[in-house]
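# Descriptive structure summary
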Amino acid sequence: MRLTSSIFCCYAAKGDGAEGEILIDRLSRLFRVERGEWPKLLQFGLLGFLLQMGMGIGFSAGDAAFLSHVGADALPIVFILTPLVMLVYTGLFSVLMVRFRLDHLVMMTLGLLAAGGLLFWLLLGGGGEEKPLYYALKLYLAMWYIALYSLFWNYTDAYFDIQDAKRLFPLFAAFCALGTAAGALVVNLLAATLSLSSFLLLWSALALATIPLARLLGRRWRQIAESDADAGEGAEGAGAQLAMLFGSFRTSRYTVVLTATLFVTLLMTNLAEYQYATVLQEGRSEAELAALFGALYAASNIFNLIVCLFVFNRLVSRLGVRNVAFILPLTYFAVFGFFFLSGGYAAAIAAFFAYHAVLTSIEYNNQNLLFNAVPSAIKRPLRTVVEGMCEPLASLIAGGFLVYAVKYLDLRELSGIGVILGVALIVIVALLRGLYPAAMAGNMRRGWLDFSAPLPARMPEAEARLRAVAADPAAPLARQATELIAALAPNAASGHADGIDAIPALLASAQARTPRDRRALVDRLKDFGETAIPHLVAALRDGRRAYAERALAARALAGLSFAQFAAQADGLVKAELGAARRWADNATRLAAAAGADAAVGLLGRAQRERAEAAVDFVLELLALRGLLPDFDLLIVSLHSANAKVRANAMEAIEAGVGYRLYAEIAAATQVEANRAEAPTANEIVALVDGVLDNGGPVEVAAALDILFARLPAADFARRSRRLLGPGMPEPLRRQLLDRLGILHENGPGLVALIDALHRIPGFAAATSQALADLARSATLHEPKEPAFGGMANRRPFWIAHHAITEAASRHPDLALVMLRIQDGRAHAA
């Protein structure tokens, strides 16, 4: 596997490596793969290839054996018996999934495949010609068709989030299609020389050969928790998970409709299989059937390979998950219509390709994404039960119907029933499409603290952890926890302000307020009535104001006059996304140039945070416009440390705003994927000089230090004097006067203090604004009260514990980061 995952590195090692780098870049752009993802992609893809190569061999040989020894007329009996086999398998597998890790289940499955193939080789190779043996073989194939599909995608889903899945799962499906095609071609080429039982032995050998790869994947790659609430939690018992599983059918309409979609799809699939098998078996021997099915499986999987590699990820990116769900229903509707109108060999081939091509390459890939909207706590057991029982139940109903119907109905009349089912499936998918965005939002909401509700309404375990820390006076963060509880608890709004001129002051106070207080403040602003609208419009459009103030103005304006708000929002969305891209690009370029320069590094982080704040503001505007669900939930999810939570948030955004606007939002949030070159010295000066005019206090402080270090004194004075004025913050004024030689400051400056705090694990993940607030409380002499000490520019400094507590109460991100360090869980910061 090290050789397999290092193929691209070998190209880069030749000569000067330029050709290898170009090849990697071209392949990465073609398949939409990040460079660091290739080893993981190849290893998981190889697992899918080997599993499906075995299935291709088994199905091509097994289907031919069954049809030649038993016949297509017996397929309804197989459909009826399949649920009994799957009932045992699904029950056993569901319990094992709760009790064991997925990688252990993969190992057990490979062992069972090896043993099963060996057993059938012995039974069939020993001259067994009894029909029950071929029934058993067909049921064995049906079980593994469902089981291997469910296991592979459950296993792969544990290592990738939905945004990565959109890009990479089609590539995994391509590996699977290539494996199936390879297995089918093996049967097609060797059917005349090898017995059918020998192909089952070959399948067993492939399963054994896959075991080392499965062990490598479990050791090398780390699984991703479904949500922050899941991170670090132990697995619940089987009974509890099954109770949650069946409870989801009562509480989640999306889960019910998704299950109905799969069920009707499988009814139509069984009907299609019966129809094409009936037509294709006529006049062919066992060897001819094996060759025909080998060719058909190979052709359909070559089609699947092309679709998975080049079509599906672009299709789902352009149309969205919920719109792609219509492709298979429309295809089945057309195929059964073709069968109804003409029938014959061509219709049978079309039905075969609808089943083994469109269903496999498009519908199954899309189902992998649709499952992300079911409740995360029961997603894997739900998928196992739905796929393990929904398919067999559909087989049971289809088989029972066909046993009765074939006596009275011909293929044309059965096709008419297929057309009716196609219409029903289109209607169900339309309902699923409408439920998908709300289901994604609800899935994100689970496991998050709801900062808009009183503390007892939030997660009980989070409240318990906060109170446990606050109750222990010796705990390092006891005072911060106490302040956080007080900040999050219900607060009575302060008295109502008189006069319309109080609006700017009320907006300016937004940054120092808790989220609950901000909501109360919105109500106070709306109490002013229509006379407040001009002030709110001005504040909303004022790019110099903090985003917290502008968001407050947006909420109040939307409540007072939605038409006025909507008239402003669309233009603001485009402008803010453009600004966010510029700031994020600046941050990427500055990060490339930072090196050991603390001021450049700080400015890069501050510009990155400003870009993120702009995107948060845009999401709030879109939510107020009614295009997105809960904007607080989306913002918190986008900043989660959990990759799946972030990806679910992006999926909810895409479902709500459409492809074009989503692409702009994604471009503003994913600039880090672009590998920017380090700017030249002149480019840095030009970039930093622009920050002086439109940057926040932290950005301006860093910019002053950068320009002071890189420019002659006269040039620095010329550029920076324009900042001096009555509205200049006092810390910035003192910093600038010190750099101009007018005032001498002792000790480390603001930039050095922020950089020092950023290097401390307990503060590193906090925003630059929160660290600046802490830095302003620093003293150069150790206080008598308890204090935190550090070093900046080789000078000691101290920050009193009460000052840290006060800063944490003003900056929830700082408080939650510090609590996360102590608690060890991945809470949202």
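Report on the accompanying structure. (Residues numbered from 1 in each chain as written. Predicted model: local features only at pLDDT ≥ 70, side-chain atom pairs only at ≥ 80, totals over all residues. Heavy atoms only, no water.)

### What to know about the packing of helix 6 (residues 102-125) against helix 7 (residues 131-157)
Heads up, the rule is: Inter-axis angles, ranging from 0 to 180 degrees, are taken between N-to-C directions of lines fitted to C-alpha atoms, where helices are fitted over the stretch in contact. By definition, any uninterrupted DSSP run of H or I lasting at least four residues is a helix, any uninterrupted run of E lasting at least two residues is a strand, and each is numbered from the N terminus. Here roughly perpendicular refers to angles of 65 to 115 degrees, roughly parallel to angles under 35, roughly antiparallel to angles over 145, and oblique to all remaining angles. In this scheme the crossing of two helices becomes right-handed for a clockwise turn of the near helix relative to the far one and left-handed for an anticlockwise turn of less than a right angle. Here, residues are in contact when the closest pair of their heavy atoms is within 4.5 Å. As a working rule, the residues Ala, Val, Leu, Ile, Met, Phe, Trp, Tyr, Cys and Pro are called nonpolar, Asp, Glu, Lys and Arg charged, and the rest polar, with Gly in that last group.
Across the interface, helix 6 lies against helix 7 with an axial gap of 11 Å and an inter-helix angle of 160°. Regarding the angle of helix 6 to helix 7, the classification is roughly antiparallel. With respect to the hand of their crossing, helix 6 and helix 7 are arranged in left-handed fashion. For the pair formed by helix 6 and helix 7, the contact residues are Leu 102, Asp 103, Leu 105, Val 106, Thr 109, Leu 112, Leu 113, Gly 116, Gly 117, Phe 120, Leu 123 and Leu 124 on the first element and Leu 133, Tyr 134, Ala 136, Leu 137, Tyr 140, Trp 144, Leu 148, Leu 151, Asn 154 and Tyr 155 on the second. Classifying every residue of the contact of helix 6 with helix 7 by side-chain character gives 17 nonpolar, 4 polar and 1 charged.

### Describing the nonpolar core
Spelled out, the test is: We define the nonpolar core as a collection of buried residues of types Ala, Val, Leu, Ile, Met, Phe, Trp, Tyr and Cys that are connected through side-chain atoms lying within 4.5 Å of one another. When a residue's accessible area, from a 1.4 Å probe over protein chains only, is under 20% of the maximum for its type it is buried; when over 50% it is exposed; and in between it is partly exposed.
In this structure, Tyr 254 and Ile 653 are the most contacted members of the largest nonpolar core, which totals 210 residues. With 18 residues, the top contributor of residues to this core is helix 7. Core analysis: the second largest hydrophobic core is formed by 53 residues, Val 698, Ala 701, Leu 750 and Leu 771 among them.

### Notes on the pattern of salt bridges
Selection rule: The term salt bridge refers to a pairing of a side-chain nitrogen on Lys or Arg with a carboxyl oxygen on Asp or Glu at a separation within 4 Å.
As enumerated under the stated definition, the model contains 20 salt bridges in all. For Lys 138, the salt bridge goes to Asp 63, with nearest N and O atoms at 2.8 Å. Placement of the pair is Lys 138 in helix 7 and Asp 63 in helix 4 (residues 38-69), with a sequence separation of 75 residues. With a relative accessible area of 6%, Asp 63 lands in the buried category. A salt bridge links Glu 273 to Lys 138, with the nearest nitrogen and oxygen atoms 3.6 Å apart. Pair noted here: Glu 273 is in helix 11 (residues 253-280) and Lys 138 is in helix 7, with a separation of 135 residues, a long-range link. One network of salt bridges, with partners in common, ties together Asp 689, Asp 693, Asp 715, Arg 718, Arg 719 and Arg 722.

### Focus: the packing of helix 29 (residues 681-694) against helix 30 (residues 697-710)
The contact between helix 29 and helix 30 brings their axes to 9 Å, and the two run at 140°. Here helix 29 is positioned oblique relative to helix 30, judged by the angle of their axes. Like other packed secondary-structure pairs, helix 29 and helix 30 cross with a definite hand, here left-handed. Across the interface between the two elements, Ile 684, Val 685, Val 688, Asp 689, Val 691 and Leu 692 from helix 29 touch Glu 699, Val 700, Ala 703, Leu 704, Ile 706, Leu 707 and Arg 710 from helix 30. Across the contact of helix 29 with helix 30, the residue classes break down as 10 nonpolar, no polar and 3 charged.

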